[in-house]
Amino acid sequence: MRVRVEQTTLPGIGVRHDVVTESGRRVGVVSHRTGRRDLVIYDEEDPDASTEDIPLTDDEAEALADILGASLMLGQLSGLRQQAAGLLTEQIAIPAGSTYVGRPLGDTKARTRTSASIVAVLRDRDVIASPGPQFRFEAGDVVVVVGTRKGLDGVTAILADGDPAG
Amino acid sequence: MHHTTTLLIEVGALLLLLGLLGRISRRFGLSPIPLYLFAGLAFGHGGLLPLSASEEFFAVGAEIGVILLLVMLGLEYTASELVGNLRAAAPAGLVDGVLNALPGAAFALLLGWGWVAAVVLAGITWVSSSGVIAKVLADLGRLGNRETPVILSVLVIEDLAMALYLPLLTAVLAGTGLIGGGIALAVAVFTVVVVLVVAIRYGNLISTMFSAKDPEALLLGVLGLTLLVAGVAAQLNVSAAVGAFLVGIALSGPVAHNATELLSPLRDLFAAVFFVFFGLATDPRDIPPVLLPALALAVITMATKVVTGYVAAKRVGIAVPGRWRAGLGLMPRGEFSIVIAGLAVATPGIEPQLAALATAYVLITVVSGPMLARIPDYPWFKKWLAGRSAARRRTALAAPD
């Protein structure tokens, strides 16, 4: 995932970083000495010129970086929790002794059995968003689940010992 | 009326007027410099309403204005930016100097103003206005453009060249002759090099004299040091402006950052005073006779600036539209040209029409420059460029050798 980032100093103003995407578009960030940041998007026909120059405040830049870095989801989910009454989010750790360690997510049949969804898995410091049924759990994974209280408790029970009913 | 009372009324009324003018100019996206000059012309010698009591105030304020303009310019750059740029941009800077200083010098000689005036006019036509151009680039959303570093490095080289040109000019104007000029230049080169080396190697040394956290002490300390060094530099015939510029370069890190914020309002105030003072010192009745020469000079040197930018951008592999943007963006002359003219005007024996010519010249370039800089963004210009490159391709196909 190494991408070539070109850095150019702008004397008296600051620094510009830019990246050429796989699709051939050039995107850059102008960091001003004052702390202001501009997001610039370059013209397709004239790659030297920027068609868009969007000034961002510190907070806006941070929010955008979060979105692009994909770690925003948890924050969004907690926002969702406040919006929709009765819908909850929980992070559930998979215990080392769980029967599902090393087995695919599909085996848990969590959604069919509890109607709660596993929307993400946190492994080490990475976020795996919307894991598919083939996704294999490892010990120490933390599962992010969205659902009702009952559903969440059900998933906790499944992951802990295998069967919610029994 | 008491002298002080009149002074207060005059200064107050004029500053109030400048405030209104500045607001108007910003509404139209123009630099306020031309309006300040106009205000000065209207209230100066031979103007509509000559001031009586406040001239001395404006004279001293203008001195401080130049010093603040230069120290802020120095604060904008770090020493490593200046030196790092030097090698890469030196050829562009050389083209810039040759193409733009020579027409000014030739023009003065053609008018029969003598070689001292030629040196002065060379400087006036040479230096673009860093302040106006940086603002135009930001206004047009071109800070991210790939030709922008080219434009900025030409400006950096010009500013650095001024550190050598101004002491030389000061010596020439003081009539110290070839040897005096040579000594002044040698002192200037030595000082600039020492300051750059010290600032790069021991950047924090000078800055540790000040505390970045105590605003009042920092303001007084930096302002005091700047005025002191500027004064000493003037005493040594090295030009106060250069002394101030070097103080700006020598300061670095948070001290420089905070000093910039603290000094900015002061700079705005005294720089406005400086432009007004220059207008005050110029008799508007002198302008009509030099208007045509000024226009001719402006047309010639704006064209040479376009060539400068075009060539500089081409050197680093910018495509044709970007070359035009660089060229057309470099045209406005401003504060530096007025600083140079201001130095000259105070000298006895220099052609009196020079101030009027400089005023008219700066007015023309600073008003038309930012407008012409927009040309590459218009569809008709892009179409014209596309048509030209298509025609060139056709001729290349017709004659493959």
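Because the structure is a prediction, the values reported are computed rather than measured. (Residues numbered from 1 in each chain as written. Chains lettered and ligands numbered in written order. Predicted model: local features only at pLDDT ≥ 70, side-chain atom pairs only at ≥ 80, totals over all residues. Heavy atoms only, no water.)

A. Spatial organisation of the overall build of chain B. Broken down by element type, chain B carries 17 helices and zero strands. For 401 residues, the compact-globule estimate of 2.2 N^0.38 gives 21 Å, and chain B sits close to it at 22 Å. C-alpha extents for chain B along the principal axes are approximately 80 × 55 × 45 Å. The buried share among the 401 residues of chain B stands at 52%. Intrachain contacts of chain B at a sequence separation of at least 6 include 82% that bridge at least 24 residues. (Helix = DSSP H or I, 4+ residues; strand = E, 2+ residues; numbered from the N terminus. Rg over C-alpha atoms; globule rule 2.2 N^0.38 Å. Buried < 20%, exposed > 50% of the residue type's maximum accessible area, 1.4 Å probe, protein only. Contact = heavy atoms within 4.5 Å.)

B. Region of interest: the overall build of chain A. Across its full length, chain A holds four helices and nine strands. The helix and strand sequence of chain A, counted from the amino end, reads β-β-β-β-β-α-α-β-α-β-β-β-α. Counting over 166 residues, chain A shows a buried share of 34%. Looking at chain A alone, contacts between residues at least 24 apart form 42% of all its contacts between residues at least 6 apart. Accessible surface, chain A as shown: approximately 9900 Å² in total, 53% of it carbon and sulfur. (Areas by Shrake-Rupley, 256 points an atom, 1.4 Å probe, with all protein chains shown as cover.)

C. Focus on the packing of helix H5 (residues 114–126) of chain B against helix H16 (residues 353–372) of chain B. All names here are of chain B. In the contact formed by H5 and H16, the axes pass within 11 Å of each other and the chain directions differ by 10°. As judged from the angle between their axes, H5 and H16 are roughly parallel. In this structure, H5 uses Val120, Leu121, Ile124 and Thr125 to contact H16, whose residues at the interface are Leu354, Leu357, Ala358 and Tyr361. A breakdown of the residues in the contact of H5 with H16 according to their chemical character gives seven nonpolar, one polar and no charged. (Axes fitted to C-alpha atoms, helices over the stretch in contact; angles between N-to-C directions. Parallel < 35°, antiparallel > 145°, perpendicular 65-115°, else oblique. Nonpolar A, V, L, I, M, F, W, Y, C, P; charged D, E, K, R; others polar.)

D. Region of the structure containing H5(B). For H5(B), with 13 residues, the first-to-last C-alpha span of 18 Å sits near the 18 Å given by 1.5 Å per residue. Of the surrounding elements, those touching the buried residues of H5(B) are helix H4 (79–110), helix H7 (148–173), helix H13 (287–315), helix H15 (335–345) and H16 of chain B. (Expected span 1.5 Å × (residues − 1).)

E. Examining the sheet that holds strand S5 (residues 50–56) of chain A more closely. Residues and elements named next belong to chain A. On the basis of which strands lie adjacent, the open sheet formed by five strands has the order S1-S2-S3-S4-S5 and antiparallel pairing. Two strands bound the open sheet, and with one partner strand each, they are strand S1 (5–10) and S5. In this sheet, neighbouring strand axes are inclined to one another by 20° on average, regardless of whether the strands run parallel or antiparallel. When strand S3 (residues 26–32) meets strand S4 (residues 37–42), the two strands line up antiparallel, connected through five bridges. Within S4, the position partnered with Gly28 by the bridge is Val40. (Pairing = 2+ DSSP bridges.)

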